[in-house]
Amino acid sequence: MSKKLVLFCDFDGTITEKDNIVAIVRKFAPPEWEALTEQILSQKISVQEGVGKLFQLLPSSLRQEIVDYIVNEASIRPGFGEFVSFCRSEGIELLITSGGIDFFVQPILAPFDLSGVPIYCNGSDFSGERITITWPHSCDEHCTNGCGMCKTTIIRRYDPASHYRIVIGDSITDLAGAKIADFVIARSFLAEKAEELQLPHHTFATFHDVIAILQEIKQKQS
């Protein structure tokens, strides 16, 4: 019996062409955002701490302005709609696992029919003076990375004995998940790391590539 395919698909830089958090802070935050971003990327501070601090730089009153800007600014990687339909028609379980924040992830994805597709991301609270990020999917006892939205916690819920677990992503936030997955579909930084660490992987540029890779995996399994 072949294992059930389950996909953990990143959002920023994967479904969207660019990282939306970077786009938002570049446009709206004071200059301190650059040093904070550098600390996150060099792993001096955790993603959770860094992202929390980045959004604390932004007044809550900007909420609608930020949403309007990013929905207009974000471009979706080609083939994403077809990819969602392909997963549905092939009975492949798809989860969107995003280090992004609900208040912009949901409006950007709103044009797509994602009924039945769980979207895991960080939350947001606009009740105070500044934007506070909330962490409904933080690390379990097996992870000490301070991920914020912990992808490995979600991947571990799927038994490798019955599931073939595939991570689709591009960045540092996908690396821990890629290390425990059965297969990685990667671009950018994650593709370089997968190559370096000799993880079973394939590179992609568009979701048309992802569909082709999944068809190949399904053929090998059948």
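Since the structure is predicted, the reported quantities are computational estimates derived from the model, not experimental observations.

(A) Seen up close, the environment of His-137. Within the fold, His-137 resides in the loop between strand E4 (132-134) and helix H7 (151-155). Separated by 38 residues in sequence, His-137 and Gly-99 place their C-alpha atoms 9.9 Å apart.

(B) Main features of helix H3 (residues 47-56). Along H3, the residues that are buried comprise Gly-50, Val-51, Gly-52, Leu-54 and Phe-55. Buried residues along H3 sit against helix H1 (20-28), helix H2 (32-41), strand E2 (93-101), helix H6 (102-109) and E4.

(C) Inspection of the sheet that holds E4 at higher detail. In spatial order, the strands read E4-E3-E2-E1-E5-E6-E7; together these 7 strands make up an open sheet with mixed pairing. What marks the edges here is a single partner per strand, and that holds for E4 and strand E7 (201-203). On average, adjacent strands in this sheet sit at an angle of 20 degrees to one another, irrespective of strand direction. Note: strand E1 (residues 4-9) against strand E5 (residues 163-169), 6 bridges, orientation parallel. Looking at E5, one finds that Phe-8 is bridged to Val-167. Where helix H5 (residues 80-90) meets the sheet, its contacts fall on E1, E2 and E5, and the angle it forms with E2 comes to roughly 140 degrees.

(D) Representation of the pattern of salt bridges within the structure. Inspection of the entire model under this criterion finds 10 salt bridges. The partner of Glu-49 in a salt bridge is Lys-53, and the shortest N-O contact between them spans 2.9 Å. With Glu-49 and Lys-53 both in helix H3 and 4 residues apart, this pair spans about one turn of that helix. A relative accessible area of 36% places Glu-49 in the partly exposed class. In this structure Lys-53 comes out as partly exposed when scored by relative accessible area, which is 39%. Between Glu-90 and Lys-218 there is a salt bridge, with its nearest N and O atoms 3.8 Å apart.

(E) The arrangement of the state of the cysteines in detail. Applying the stated criterion across every chain, the model contains 0 disulfides. Cysteine Cys-139 shares no disulfide, and the gap to the nearest cysteine sulfur, in Cys-143, comes to 3.7 Å. On the basis of relative accessible area, Cys-143 is assigned to the buried category, the value being 9%.

Reading the values: the criteria
Residues numbered from 1 in each chain as written. Predicted model: local features only at pLDDT ≥ 70, side-chain atom pairs only at ≥ 80, totals over all residues. Heavy atoms only, no water. Helix = DSSP H or I, 4+ residues; strand = E, 2+ residues; numbered from the N terminus. Buried < 20%, exposed > 50% of the residue type's maximum accessible area, 1.4 Å probe, protein only. Contact = heavy atoms within 4.5 Å. Pairing = 2+ DSSP bridges. Axes fitted to C-alpha atoms, helices over the stretch in contact; angles between N-to-C directions. Salt bridge = Lys/Arg side-chain N within 4 Å of Asp/Glu carboxyl O. Disulfide = S-S within 2.5 Å.

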